[in-house]
Amino acid sequence: MKRIVSSWHTFVAALREIFDEAAYARFLDRAGMASSSEAYAAFRREFDEVKVRRPKCC
Amino acid sequence: MSRLLAILGWGTVAVLGAVAVGTVAVHRGEPINALWLVVAATCCYALGYRFYSKFIAVKILALDGLRATPAERLENGRDFLVTNKWVVFGHHFAAIAGPGPLVGPVLAAQFGYLPGTMWVLAGAVFAGCVQDFVILLFSVRRDGKSLTEMAKDEIGRVGGFVAYVAVIAILIILLGVAALIVVNALKASPWGTFTIAMTMPIALLMGVYLRRIRPGKVVEVSALGFVLVLAAIWGGQYVSQNPGLARVFTFSAPTLAILIMVYGFAASALPVWLLLAPRDYLSTFVKLGTIALLAVGIVALHPTLHMPALTRFVDGTGPVFAGKIFPFAFITIACGAISGFHALVSSGTTPKMIARETETRMVGYGAMMCESAVAVMAIIAACVMQPGVYFAINSPAGIVGQAPAAAAATISSWGFPVTAADMQALAHAVGEQTLYNRTGGAPAFAVGMAHIFSHSLGGETLMALWYHFAIMFEALFILTILDAGTRVARFMVQDALGHVYKPLGRTSWYPSILGTSGLIVGAWGYFLWQGVKDPLGGINSLWPLFGISNQLLATVALCVATTIIIKMHRARYAAVTLVPLAWLVAVTFTASWQKMFDPNPRVGFLAAARALAAGPIPMSGATARLIFNNRLDAAVTGVLVVMVTLVLVESGRQWWGILRGTREAPVKEAAFVRTRLVEEQG
């Protein structure tokens, strides 16, 4: 049971990383901000410059 | 006891794998069950991972679990970040999995299921997985440096420059051919066009939702977007049945090409959060879900493959693309076996997230195995169709003719019976006017996927919905590559132009954004237009060009890897990268030579130009353009080959000097720092 729960948590963590939710959470931590429209806009300003340069394969 | 059990267990896997591969290889006559391919692939991957990748990890790379990775040493909470290995694995797989492993194997199925399957299995285990694994590890040991930086450091300035130019060239050719696949899938298809058109407002809505309503809830909004896309697929059937609406969403290939160029330009210039990012999320959501669903569908249904093991087209006369099995099967299938582009991902974000060196094996080698498995699924999807149907969908009008009866008669005369009535019934079943001349691989894959899904979920009545789901899945995938690729290429050009005139390098300066976006879209748009206007459907010339450029980039990556292995004093094991390198050189150089100089106009660009020039005089404008395009394709191929030859020569000089002891071999790794993660984890 413990193994199933742990696998589920890893699966959710992978999804959060793939979909940049984890990056947003880290940004909020680092900037000491609560989630809001302004915080998300600030996150995207910082993050998009990096994200769009990431190579994605064909 | 446990050792005995391990020997017995792995011995069983080896025997089972040998039986399955043997069955796939020697079975002739009766159709074969797809499960044989699944078992062969599973056993090959398991053995490759357990033994070959471990050999590389221990004997060559000497992975060190105590060495701190850049994610730990340079952690900044943004790029550099210690991350759970399964999370990195998922992230890496999502970045390397694109439409390539779906389209390439479908096109190569014209040779039969055997060549593609063998190349995908052997190519992945001995070349593709190895490339991804070693480049990832070498990047980790160099603070996450990119392939171009490593090429410059380890081989010299020529290596760095060639890698840079090869990346731009591949991106442009890839984007052109990817756009062509979408055009061929959507032309004269109001249902498909409506569905894809709807993904744009859905993406915009997702962008606004993320920004204004529920900031940062990406998984949630992606699920919502997916539901809306499903609704669009459902609604598409009513659009196609309504004459007025159907007319609005019915476009010719040239019109679609122009629309896609406009879209590419807009997506490259608009704010990322508004269109590009939400589309990327939606595409990833659909991609991961559909791949999992397809895997389950194949195992549950285990369909029969109707395509023979080998077709008559191994002689190079195939209608899908011209050229013999060697070298063309090996450049047509890139991403499922080995793809140079993966080396960019392995030296991009992933090395900055790896917590321990020992995890590079699972992430680099393991994720590529999964990508290869996707290619096996694509082969199955293409080969479950009757071969006559496969060739009717994938053959251009220039080969089989425009009229359904004539096309069916031509294909039947090749020994693959199909009738115009069969094709009409199939087109009706999937909700299309016609399925003839839909080159590019996407529609054939969609028919195969719809066949598998409709037999396991929903029956024949849902065939049309599954077909359009598959088309949406591929087109969404490709359009996402199109907008992301345009932007990546734009940044690369801006970086280079910034050295000439500083403001041009500023990614926020609008004149530079618009100028460089126009340049990149114009470049891939040219190839797209060339494909749309090509009487042979475009894929015949453009897909090999893409395959050649992608495999040439893999050649550069393997040169870098071999150089580093020799510098690490592991020259006696250099065959691990040297053999795939030699194979790729043989494949790409032969293919390039044939594409440039083969006397058959269907194969050689220059021969095609000569044949056109020998036509009636005065020459029409369209013919003159075709002649120019063929010469341009030959020139592009020639330039790429010359540049990669320079890298090979430069690498060879390095190896020779190091092995003779006349050249120093400094390993340009970051200094060893002991990890603290081991103590922290007890």
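Along each chain, the written sequence defines residue order, and numbers are assigned to residues from 1. Each chain is given a letter, starting from A, and each ligand a number, starting from 1, according to the order in which they appear as written. Local features are withheld for residues below a pLDDT of 70 in this predicted model, meaning they are given only at 70 or higher, and side-chain atom pairs are given and counted only at 80 or more; totals for whole chains, interfaces and linings count all residues.

Colleague: Could you clarify how one ought to interpret the overall build of chain A in this entry?
Modeller: Starting at the N terminus, helices and strands are each numbered in turn, a helix being any DSSP run of H or I of at least four residues and a strand any DSSP run of E of at least two. Along the backbone of chain A there are three helices and zero strands. Starting at the N terminus and walking to the C terminus, you meet the elements of chain A as α-α-α. The globule rule used here is 2.2 Å times the number of residues to the 0.38 power, and the radius of gyration it is set against is calculated over C-alpha atoms. Taking 2.2 N^0.38 as the reference for a compact globule, 58 residues should give roughly 10 Å; the C-alpha atoms of chain A span a radius of gyration of 14 Å, well beyond that estimate. Seen through its C-alpha atoms, chain A measures out along the principal axes to roughly 40 × 35 × 15 Å. To sort residues by burial, count the other C-beta atoms lying within 10 Å of each one's C-beta; a count of 20 or more means buried, 12 or fewer means exposed, and anything in between means partly exposed. C-beta atoms are built from the backbone. Scored against the burial criterion, the 58 residues of chain A give a buried share of 31%.

Colleague: Explain the overall build of chain B to me, please; I cannot follow it from the model alone.
Modeller: Along the backbone of chain B there are 28 helices and two strands. Relative to a compact globule of 682 residues, whose C-alpha radius of gyration would be 26 Å, chain B shows 25 Å and is just as compact. Taken over the C-alpha atoms alone, chain B extends approximately 70 × 65 × 60 Å along its principal axes. Taken across its 682 residues, chain B has 57% of its residues classed as buried. It is the C-beta atoms, placed from the backbone, that decide contacts: two residues are in contact if theirs lie within 7 Å. Sequence separation of at least 24 residues holds for 81% of the intrachain contacts in chain B that already meet a minimum separation of 6.

Colleague: How should the environment of Gly116(B) be read in this particular structure?
Modeller: All names here are of chain B. Within the secondary structure, Gly116 sits in helix H6 (residues 113-140). On the basis of neighbour count, Gly116 is assigned to the buried category, with 32 C-beta atoms found within 10 Å. Distance in space between the C-alpha atoms of Gly116 and Ile333 is 7.3 Å, their sequence separation being 217 residues. Other than its neighbours up to four places away in sequence, Gly116 contacts Pro105, Ala108, Ala109, Phe111, Ala329, Ile333 and Ile379.

Colleague: Before we go on, may I ask you to explain the interface of chain B and chain A in this structure?
Modeller: Frequently, the measure chosen for interface size is the accessible area that the parts lose on association. Each side of the interface is counted separately: chain B has 43 residues, and chain A has 29 residues. Per element, the largest residue contribution to the side of chain B that touches chain A is seven residues, and it comes from helix H4 (residues 85-96) of chain B. Just so you know the grouping, Ala, Val, Leu, Ile, Met, Phe, Trp, Tyr, Cys and Pro go in nonpolar, Asp, Glu, Lys and Arg go in charged, and all remaining residues, Gly too, go in polar. The residue makeup of the side of chain B that touches chain A, split by class, is 24 nonpolar, 14 polar and five charged.

Colleague: Please clarify how helix H12 (residues 253-269) of chain B should be interpreted in this entry.
Modeller: Spacing of three or four residues puts side chains on the same side of an α-helix, whose turn is 3.6 residues. Residues and elements named next belong to chain B. The span one expects for a helix is its residue count, reduced by one, times 1.5 Å. Here H12 spans 24 Å end to end across 17 residues, near enough to the 24 Å set by a 1.5 Å rise per residue. Considered for burial, the residues of H12 that qualify are Leu256, Ala257, Ile260, Tyr263, Gly264, Ala267 and Ser268. For H12, the angular spread of the buried residues around the axis is 125°, confining them to a single face. The arc under discussion is defined with respect to the helix axis, by the directions toward the C-beta atoms.

Colleague: Just to check I follow, could you spell out the environment of Ser395(B) for this structure?
Modeller: Along the chain, Ser395(B) falls in the loop between helix H17 (387-394) and helix H18 (397-400). Along the chain, Ser395(B) and Phe321(B) lie 74 residues apart, while their C-alpha atoms are 8.6 Å from each other.

Colleague: Before we go on, may I ask you to explain the nonpolar core in this structure?
Modeller: Among soluble globular proteins, nonpolar side chains are generally buried collectively. One finds Val182(B), Ile379(B), Ile380(B), Ala382(B), Ala392(B), Phe445(B) and Val556(B) to be the most contacted residues of the largest nonpolar core, which totals 244 residues. Top contributing element to this core by residue count: helix H22 (residues 463-498) of chain B, with 21 residues. Note on terminology: a nonpolar core is a set of buried residues of type Ala, Val, Leu, Ile, Met, Phe, Trp, Tyr or Cys, with members joined through C-beta atoms within 7 Å.

Colleague: Looking at this structure, I do not really get the confidence of the model for chain A. What am I missing?
Modeller: Reading predicted coordinates in detail is not appropriate for stretches of low pLDDT. Averaged over all residues, the pLDDT of chain A is 87; the fraction at 70 or higher stands at 100%. The quantity called pLDDT is the predictor's confidence in a given residue, expressed from 0 to 100. Averaged pLDDT values over the elements of chain A bottom out at 87 in helix H3 (residues 37-51) of chain A and peak at 92 in helix H2 (residues 21-31) of chain A.

Colleague: How should helix H14 (residues 325-332) of chain B be read in this particular structure?
Modeller: All names here are of chain B. Extensive coverage of H14 is indicated by the burial of seven of its eight residues. Within H14 the residues assigned to the buried category are Ile325, Pro327, Phe328, Ala329, Phe330, Ile331 and Thr332. Where H14 is buried, its residues meet helix H5 (100-108), H6, helix H24 (539-567) and helix H25 (575-597).

Colleague: Could you clarify how one ought to interpret unusual backbone geometry in this entry?
Modeller: Leaving glycine aside, a negative phi is the common case for residues, and trans is the common case for peptide bonds. Residue Pro327(B) is bonded to the preceding Phe326(B) through a cis peptide linkage, with omega at 10°. For Pro327(B), the position within the fold is in helix H14. A positive phi is found at Asp20(A), a non-glycine position, where the angle reads about 65°. Counting through the fold element by element, Asp20(A) comes out in the loop between helix H1 (2-18) and H2. Residue classification places Asp20(A) among the buried positions, given that 21 C-beta atoms sit within 10 Å.

Colleague: What's the story with the confidence of the model for chain B in this structure? I'm lost.
Modeller: Taken over all residues, the pLDDT of chain B has a mean of 91, while the share at 70 or more is 99%. As scored by the predictor, the complex reaches a pTM of 0.92 and an ipTM of 0.89.

Colleague: So what exactly am I meant to see when it comes to the environment of Glu460(B) here?
Modeller: Residues and elements named next belong to chain B. Position of Glu460 relative to the elements: it lies in the loop between helix H21 (442-456) and H22. Of the residues examined, Glu460 has 11 C-beta atoms within 10 Å and is grouped as exposed. For the pair Glu460 and Gly176, spaced 284 residues apart in sequence, the C-alpha separation works out to 35 Å. Look past the residues within four positions of Glu460 in its chain and what remains in contact with it is Ala429 and Ser454.

Colleague: Quick question: what am I supposed to make of the packing of helix H13 (residues 272-301) of chain B against H21(B) here?
Modeller: The packing of two helices is summarised by the inter-axis angle and the distance between the axes. Residue and element names in this part refer to chain B. Across the interface, H13 lies against H21 with an axial gap of 9 Å and an inter-helix angle of 65°. Helix-helix and strand crossings are classified by hand; for H13 and H21 the assignment is left-handed. On H21, the residues touching Leu294, Gly297, Ile298, Ala300 and Leu301 of H13 are Met449, Ile452, Phe453, His455 and Ser456. The residue makeup of the contact of H13 with H21, split by class, is seven nonpolar, three polar and no charged. Working convention: axes come from line fits to C-alpha atoms, limited for helices to the stretch in contact. Angles between N-to-C directions cover 0 to 180 degrees. Crossings are sorted by hand: turned counterclockwise from the far helix by less than a right angle, the near helix makes the crossing left-handed, and turned clockwise it makes it right-handed.

Colleague: For this particular structure, what's the right way to read the packing of helix H2 (residues 34-61) of chain B against H6(B)?
Modeller: All names here are of chain B. It is at 10 Å that the axes of H2 and H6 come closest, and there the two elements cross at 30°. By the angle between their axes, H2 is roughly parallel relative to H6. The crossing of H2 and H6 is right-handed. Across the interface between the two elements, Leu37, Ala40, Ala41, Cys44, Gly48, Tyr52, Ser53, Ile56 and Leu61 from H2 touch Thr117, Leu121, Val125, Cys129, Val130, Phe133, Val134 and Leu137 from H6. Should an angle fall under 35 degrees it is called roughly parallel, over 145 degrees roughly antiparallel, and 65 to 115 degrees roughly perpendicular, with every other angle called oblique.

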